[in-house]
Amino acid sequence: MFEHLPVAPPDSILGLSDAFAKDPRASKINLTVGVYKDEQGRTPILATVKKAEEILLRTETSKGYMPIEGHPEYLKAVVGLLFGGSIDHGRVAAAQTPGGTGALRVGADTVSRHFPNTRIWLSNPTWANHGSIFQAAGLETNVYPYLTADKTSLDFPAMMSELKSQGRRGDLVCLHACCHNPTGIDPTAEQWKEISELLAEKQMIPFVDFAYQGFGDGLEEDAKPLHSLLEKNQEAIVCSSFSKNFGLYSERVGTVALVSKEASFTEAALSQVRQAIRCNYSNPPRHGASTVATVLTDTTLRNEWIAEVNAMRSRISLMRAQFISGMASTGVDRDFSFLSRQKGMFSYSGLNTMQADWLKKERGIYIVGTGRINVAGMASSTMPELCQAIADCLRATS
Ligand code: LMR
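Because the structure is predicted, anything quoted here is derived from the model rather than measured. (Residues numbered from 1 in each chain as written. Predicted model: local features only at pLDDT ≥ 70, side-chain atom pairs only at ≥ 80, totals over all residues. Heavy atoms only, no water.)

Enquirer: Outline the nonpolar core, supporting the account with residue identities and numerical values.
Expert: Across soluble globular proteins, nonpolar side chains show a tendency to be buried alongside one another. The biggest cluster of nonpolar side chains holds 96 residues, and the ones touching the most others in it are Phe83, Phe323 and Ile390. Looking at this core element by element, the count peaks at nine residues for helix α11 (residues 299–329). The residues that make up this core include at least three from each of domain 1 (10–45 + 302–397) and domain 2 (65–297). The next biggest cluster of nonpolar side chains, apart from the first, holds 32 residues, and it includes Val111, Ile133, Leu139 and Val256. (Core = buried A, V, L, I, M, F, W, Y, C linked by side-chain atoms within 4.5 Å. Buried < 20%, exposed > 50% of the residue type's maximum accessible area, 1.4 Å probe, protein only. Helix = DSSP H or I, 4+ residues; strand = E, 2+ residues; numbered from the N terminus. Domains from an automatic or database assignment.)

Spelled out as structure tokens, the structure:
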């Protein structure tokens, strides 16, 4: 059997990290995968995570199976963090999943088991894995325009007009709650209101990917677009992740939440989510969710964690500002100031695939082929070299 298998192409994001690891150059810089790094280039374990783990080490008495939908206290805390006072939490069927990717897949599986061939609309561009996840679950993927031709801002009229003219009742619309991946370009509060109204009018259902809560404007601020969607839309699927804001990348901690019109529909919704999970990975891993629950349910630890999230966000903003001024000081023609309007870990730099290849080959600087740069991977100490390399690349390739 297996001798007939062709070699699959490397993953467009994670594959680059493999190539980076093999690169022998000491000066190499990895700005590919969305992982937060400190000035020293480390991806730290948060202090609150370490404290929670110490508590768990002392108090945990069993590694028995978790319920299919996951850790009860974790789920209660996550629902609070996501929905706040926006809706009755009784309308939410939430399940813990292996990361945000697991959440997307379980959400999509749950829909497609009962509504085969449901269509989902994805922004163009979107996270490189969205299409594969939804197609693997049996959904039909379509795209709506997202960027202006110069790729520096949101083409809101084009986005709305496509969804309005092509969207159908029962279609899902994948929206990034904040810190759009890969562009860092988010709708304004007013635009979110309009999106919310359009979806409600057309009876399309928001499928919200919420992987960067706290990396845009703050934990509560970043949830506002979701709340705005729920003001007009009675149903939604929300997928969240603690990879970034808890730094729990490898623990795989995420949540899928189905919001129903009424609390009386929640039990059935949750039972379907459970079935999707059971035939996939049976039940979720314990450690990451226990860690998050320990932090979120303890006032002191929770406040310390909020401060840690704020510190990560501030460092990313600082790197973005240093990058913009660093590029300006190289004297290149291209103005990078539009990056200041982008939010979160990523910047859509406007560099093309050929330029990404040039940077990799000539300077050992790795960015995603679409021109996406992980700002959270930059450091002040190497900023001059990075900006100079991009300036040289622009000169060599234009
Ligand atoms: C990214 O976009 O780099 C992250 O979400 C990590 C991943 O799995 O792709």
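Enquirer: Got a sec to walk through the packing of helix α2 (residues 47–59) against α11? Specific residues and values, please.
Expert: Two elements in contact, α2 and α11, have axes separated by 9 Å at closest approach and are oriented at 150°. Judged by the inter-axis angle, α2 sits roughly antiparallel to α11. Residues Ala47, Thr48, Lys51 and Ile55 of α2 lie in contact with α11, whose contacting residues are Leu301, Glu304, Trp305 and Glu308. Along the lines of polarity and charge, the residues of the contact of α2 with α11 split into four nonpolar, one polar and three charged. (Axes fitted to C-alpha atoms, helices over the stretch in contact; angles between N-to-C directions. Parallel < 35°, antiparallel > 145°, perpendicular 65-115°, else oblique. Contact = heavy atoms within 4.5 Å. Nonpolar A, V, L, I, M, F, W, Y, C, P; charged D, E, K, R; others polar.)

Enquirer: Give me the lowdown on the side chain of Arg315, citing residues and values where you can.
Expert: Locating Arg315 in the fold gives a position in helix α11. What Arg315 contacts, discounting residues up to four positions off in sequence, is Tyr36, Lys37, Asp38, Glu39, Ala376, Met378 and Ala379.

Enquirer: Lay out the site of the ligand with the relevant residues and their values.
Expert: Every residue near the ligand is listed here: Ile13, Val33, Gly34, Trp127, Asn181, Tyr212, Lys244, Phe346 and Arg372. Within the side chain of Lys244, a nitrogen or oxygen atom sits 3.3 Å from an oxygen atom of the ligand. Here Arg372 contributes a side-chain N or O atom positioned 2.8 Å from an oxygen atom of the ligand. Contact with the protein chains removes 82% of the 260 Å² of surface that the ligand exposes when unbound. Here the ligand is seated within the second largest pocket. The class makeup of the residues in the shell around the ligand is five nonpolar, two polar and two charged. Counting the residues that make up the shell around the ligand, at least three belong to each of domain 1 (10–45 + 302–397) and domain 2 (65–297). (Near = heavy atom within 4 Å. Polar contact = N/O pair within 3.5 Å; in protein donor to acceptor, adjacent residues only side chain to side chain. Areas by Shrake-Rupley, 256 points an atom, 1.4 Å probe, with all protein chains shown as cover. 1 Å grid on protein atoms, 1.4 Å probe; cavity = no way out; pocket = protein on both sides within 12 Å on 5 of 7 lines; lining within 4 Å. Sits in = over half its atoms within 2 Å of the grid points.)

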